[in-house]
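Residue strings, one per chain:
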Amino acid sequence: MSFIMTADRLASQIQFILEADRLKDVQRRSYVISGGRRENSAEHSWHIALMSMVLAEYANAAIDTLKVIRMLIVHDLVEIDADDTFIYDAAGNETKAERERLAADRIFGLLPQDQGSQMRVLWEEFESRATSEARFAAALDRMMPVLHNLHNNGRSWTEHGVTSTQVFARNAGIAEGSQELWDYLKSELNAAIRNGVLR
């Protein structure tokens, strides 16, 4: 009996792992810094998990860095079903929460109940921004696309007609996770405005 249960558990875990591979096909609006192609959501999740290790000292409050990493690795899995919603897409953001909730039901439901629940709790914590870890994770999630644009001549901003007013308004929440990182970005954004990278 335990062999059958173990085999079923492993089969569920492998199914989830294979499903997670689909995140590599979800294209974001941000271009990699070289500008040669758009970033995918799996790359984004990896990159901001790495950022959390490097930049943890700038969190506004004490954080459990391992928890932040775990949160960042799972936070975009819902995009397998819900797709990436561009931060400046007002219509898309109106339906984002419901699309992602339904995706979370299905995707985390592929795992054995104990693991699926653990990942769902991490995802919900990220979405709620109720803890210092979630606020810092969200800050990094917002920060990387800004860095991409700052270092590839504002390519996705230009393509989508994004203005400096929009960039400041939609990214000001970075300060909730890290005031220091937001101060750094504000300085860089003001330089981008002066240099004509951001209108």
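Quick caveat: nothing in here was measured; it's all calculated off a predicted structure.

Scanning the chain from N- to C-terminus turns up 11 helices and two strands. The linear arrangement of helices and strands in the chain, starting from the amino end, is α-β-β-α-α-α-α-α-α-α-α-α-α. At 18 Å, the chain has a C-alpha radius of gyration in line with the 16 Å of a compact globule built from 199 residues. On the principal axes, the C-alpha backbone points of the chain span a range of 70 × 35 × 30 Å. Classification of the 199 residues of the chain by burial places 45% in the buried group. Look at the contacts in the chain between residues 6 or more apart in sequence, and 69% of them connect residues 24 or more apart. When the accessible surface of the chain is summed, it comes to about 10,200 Å², and 55% of that surface belongs to carbon and sulfur atoms. Averaged over its 22 positive side-chain charges, the chain has a centre that lies 3 Å from the centre of its 29 negative ones.

Let us look at the nonpolar core. Membership of the largest hydrophobic core comes to 53 residues, with the highest contact counts inside it found for Leu140, Met143 and Trp157. Every element with two or more residues in this core is listed here: helix H2 (41–55), helix H3 (65–74), helix H4 (79–82), helix H5 (90–108), helix H6 (113–128), helix H7 (132–151), helix H10 (174–177) and helix H11 (179–194). Broken down by element, the residue count for this core peaks at 11 residues, all from H7. Every residue in contact with methionine 143, bar those within four places of it in the chain, is listed here: Met51, Leu55, Ile174, Leu181, Tyr184 and Leu185.

We now examine the side chain of serine 132. Among the structural elements, serine 132 can be located in helix H7. What makes serine 132 buried here is its relative accessible area of 18%. Polar side-chain contacts of serine 132 include one of 3.5 Å to the side chain of glutamate 133.

Relative to the helices and strands, aspartate 21 is located in the loop between helix H1 (2–20) and strand S1 (27–31). Residues aspartate 21 and leucine 77 lie 56 residues apart in sequence; the distance between their C-alpha atoms is 9.6 Å. Within the local environment of aspartate 21, its side chain forms a polar contact with the side chain of lysine 24, the two groups lying 2.7 Å apart.

Residues Leu10, Ile14, Ile17 and Leu18 make up a contiguous nonpolar surface patch of roughly 400 Å² in combined accessible area. Within the secondary structure, leucine 18 is located in helix H1.

For the rest of this paragraph, the subject is unusual backbone geometry. Despite not being glycine, aspartate 83 shows a phi value in the positive range, around 65 degrees. Within the secondary structure layout, aspartate 83 lies in the loop between H4 and H5. For arginine 129, which is not glycine, the phi dihedral falls at a positive 55 degrees. Taking the relative accessible area as the measure of exposure, arginine 129 reaches 25% and is therefore partly exposed.

Turning next to the environment of lysine 186. Its place among the elements puts lysine 186 in helix H11. On the basis of relative accessible area, lysine 186 is assigned to the partly exposed category, the value being 29%. In this structure, the C-alpha to C-alpha distance between lysine 186 and glutamine 115, residues 71 residues apart in sequence, is 39 Å. Sequence-distant contacts of lysine 186, that is, excluding residues within four places in its chain, are made with Phe168 and Gln179.

About the criteria used
Residues numbered from 1 in each chain as written. Predicted model: local features only at pLDDT ≥ 70, side-chain atom pairs only at ≥ 80, totals over all residues. Heavy atoms only, no water. Helix = DSSP H or I, 4+ residues; strand = E, 2+ residues; numbered from the N terminus. Rg over C-alpha atoms; globule rule 2.2 N^0.38 Å. Buried < 20%, exposed > 50% of the residue type's maximum accessible area, 1.4 Å probe, protein only. Contact = heavy atoms within 4.5 Å. Areas by Shrake-Rupley, 256 points an atom, 1.4 Å probe, with all protein chains shown as cover. Lys, Arg positive; Asp, Glu negative; His and termini not counted. Charge placed at Lys NZ, Arg CZ, Asp CG, Glu CD. Core = buried A, V, L, I, M, F, W, Y, C linked by side-chain atoms within 4.5 Å. Polar contact = N/O pair within 3.5 Å; in protein donor to acceptor, adjacent residues only side chain to side chain. Patch = residues over 30% accessible without salt bridge, like charges linked within 9 Å, V, L, I, M, F, W, Y side chains within 5 Å. Salt bridge = Lys/Arg side-chain N within 4 Å of Asp/Glu carboxyl O.

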